[in-house]
Every structure is written in C-alpha cells, then in structure tokens.
Amino acid sequence: LFLAAGTLAAMVWETNKVYHSDSVGRDLRYGVLLPSGYNWQTNKYYPVIYFLHGRDESDQTWYEEAYSTFMGTDHTNEFIMIFPQGSRWKGAVYENSWYEYKNGYMGAMCRDLPKHIAQKYRVKNIRGISGISMGGYGAFRIAGCCDAYYNCRYCAATSLSGAFVGPKISKALDNISTLETNELATAIAPKKFIKLFFDCGDQDIWLGSYNLAEINMDMANCLMSMGRRKNVDLVFTRPAGDHDWKYWRSRIPEHLDHFS
C-alpha cells in the first residue's frame, strides 16, 4: 500500500505551462501529465501523446473533466501526455486560419510544440495524437499532413467523436475551411505507419443538427476504400453514447490501449 501510494503521488499533472509558437506569433499554454518515476528514473525516455481539446474548450478542460480517468488507467506510466491549447477563438479546428499569424496551429502542433517538448522533457522520437470533436478532426489532419510539411511524424492517431464535417459547415460555424472527407482520407490513408483508431457515439447529433455518428462512418468507409484494412490498421466503432464528457471519459481507456 505504501509503494502504491508513493507511485500515485509521484504522477504529476501540471497545468498552465507555456511555450512560444513562432507559427502563431505568441505564447500558448499546455498541460502535461508526467509518469510516476519520471523525476528519479533520469535515464528513461518516453513516447509522447498529444491530446487536442474540442470546440469552445481549452487545455484546462482535460484536467477539469478527465483527471481521474487518466490517473486511473493502466497506461498512464507509459507515456508523457501533453494537452495543448488550441485557438483562442471559437474553433480553429487546428487549421491555419485566416486570423492567425504565419503557419497557424498546424505549425504550432507540427513544429513549435514538439520542439519545445523535446527540449524540456525526456522524450523519444515517437508520437501519437488524439482529440475530441474539433480536436478529433485536428488529430487526423495533423497526423496525415505534418510529415510532408514539417518533417514531424506521428505514428498513431485516434479521434473521439471527430467533427469531420467538411468545409461548408466549418465555414458557416467558425469561418474556417476544413478538408472534405475524401481529402482528409487521401492525406492519411496511404501512410500505413499511422495506426488509426476512432469512434463516435451512436446517438451523437452534434449541435443538434449534424449526425456525427454517420459522418464518422462515412470517414471509416472512405479510408477503407483507399486501402485501410478494418481491424488491422483501422479500427472504428459506434458504441452507445452522445457528444458529451460522459461518453468521452468512458472511451479514453480504450484509446490509451491503442497507443500502448
């Protein structure tokens, strides 16, 4: 019991960390969950997983909504987990939007933040990326495109209730132009080194108007039409659930299983 308590006590979730993004042109926040043993096993290096928050949320949301979920999983000690701040605006979808400076959030996530994390923490050159809703789209977008433009590779990506809604809807909601389903699938499907895992609640009607369960099913079918193999390098499921943190908390452990 003493050893178990000591292990849990050494597992630290730090919030309000800051790095400077040349791509966005200002400082951005992030949170970090360090494995127990990190501070005394000084010769040990860890893979990194980035978790992207959803629309109208922030880096703090993960801590506020899912602290006990992450701390209670079996895989928490296997990775360094990073929770970045997305746009200060309503929903940039981690794209390079018209109101951001230079390369926007693609540059931040594919260059600036990974460089900062590599300098500050003992990390391996092995990265995974995940996200919720807007962040789910962002995770697939970044994983599929960043190695071509920024020489930064993600080897696994997951999405929870990904907002793969296309440019027409994203433009109307937030004046951001996202990729069409087939464009996003074209970017990520041929890169077989990126193992994909995603799900969406079967009752998920986002903002009361958009059937994300069917939209995610369309993404899965599109990826398989481009050569992804079901349950081999692509896993998609539709459990019961809605577009809320109750559903996402229930799914986080299985997403960590995928990264493990």
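Here the structure is a predicted model, which means the values were calculated and not measured.

Conventions we followed
Residues numbered from 1 in each chain as written. Predicted model: local features only at pLDDT ≥ 70, side-chain atom pairs only at ≥ 80, totals over all residues. Heavy atoms only, no water. Helix = DSSP H or I, 4+ residues; strand = E, 2+ residues; numbered from the N terminus. Buried < 20%, exposed > 50% of the residue type's maximum accessible area, 1.4 Å probe, protein only. Contact = heavy atoms within 4.5 Å. Areas by Shrake-Rupley, 256 points an atom, 1.4 Å probe, with all protein chains shown as cover. Axes fitted to C-alpha atoms, helices over the stretch in contact; angles between N-to-C directions. Parallel < 35°, antiparallel > 145°, perpendicular 65-115°, else oblique. Left-handed = near helix turned anticlockwise from the far one by under 90°. Nonpolar A, V, L, I, M, F, W, Y, C, P; charged D, E, K, R; others polar. pLDDT = per-residue confidence, 0-100. Pairing = 2+ DSSP bridges. Right-handed = clockwise from strand over helix to strand, strands pointing away. Salt bridge = Lys/Arg side-chain N within 4 Å of Asp/Glu carboxyl O.

### Details of the overall build of the protein chain
1) Next: From N to C terminus, the protein chain includes 8 helices and 10 strands.
2) Next: Counting only residues that meet the buried cut, the protein chain has 57% of its 260 residues in that class.
3) Next: Sequence-distant contacts in the protein chain: of pairs separated by 6 or more residues, those separated by 24 or more amount to 76%.
4) Next: Just so you have it, the protein chain exposes about 11300 Å², and 50% of that area is on carbon and sulfur atoms.

### A few points about the environment of Ile80
1) Next: Mapped onto the fold, Ile80 is located in strand β4 (residues 80-84).
2) Next: Between the alpha carbons of Ile80 and Pro47 there is a distance of 6.3 Å; along the sequence they are 33 residues apart.
3) Next: Among residues more than four places away in sequence, those in contact with Ile80 are Val32, Leu33, Leu34, Pro35, Tyr38, Tyr46, Pro47, Val48, Ile49, Tyr121, Arg122 and Val123.

### Things to note about the packing of helix α2 (residues 59-71) against helix α8 (residues 245-259)
Packed helices, taken two at a time, are described by the angle their axes make and the gap between the axes.
1) Next: Between α2 and α8, the least distance of the axes is 10 Å, while the angle of their chain directions is 55 degrees. One element, α2, and the other, α8, form an angle in the oblique class. For α2 against α8, the interelement crossing comes out right-handed. In contact with Thr61, Trp62, Glu65, Ala66, Thr69 and Phe70 of α2, α8 contributes Trp245, Arg249, Ile252, Pro253 and Leu256.
2) Next: Broken down by class, the residue content of the contact of α2 with α8 amounts to 7 nonpolar, 2 polar and 2 charged.

### Some remarks on the confidence of the model for the protein chain
1) Next: Summarising the model, the protein chain shows a mean pLDDT of 88, and 90% of its residues fall at 70 or more.
2) Next: Between residues 1-9, whose pLDDT stays under 50, and residues either more than four places distant or in other chains, the model counts 2 contacts.
3) Next: Counted against residues more than four places away or in other chains, residues 98-102, with its pLDDT under 50, gives 17 contacts.

### Points about the pairing of strand β3 (residues 46-52)
1) Next: Counting buried positions over the 7 residues of β3 gives 7, a clear majority of the element.
2) Next: Bridge count between β3 and β4: 3 bridges; the pairing is parallel. Looking at the pairing, Ile49 lines up with Met81 of β4.
3) Next: In this fold, the crossover linking β3 to β4 by way of α2 has right-handed handedness.

### With respect to the pattern of salt bridges
1) Next: Inspection of every chain in the model, using the stated rule, returns 10 salt bridges.
2) Next: A salt bridge links Asp199 to Arg251; its shortest N-O distance comes to 3.2 Å. In this pair, Asp199 sits in strand β7 (residues 195-199) while Arg251 sits in helix α8, placing the two residues 52 residues apart along the sequence.
3) Next: Residue Arg251 is classed as buried on the basis of its relative accessible area of 9%.
4) Next: Notably, a salt bridge pairs Asp233 with Arg229, separated by 3.2 Å at the nearest N-O pair.
5) Next: A relative accessible area of 1% means that Asp233 is categorised as buried.
6) Next: In this structure Arg229 comes out as partly exposed when scored by relative accessible area, which is 46%.
7) Next: A network of salt bridges, in which partner residues are shared, links Asp199, Arg251 and Glu254.

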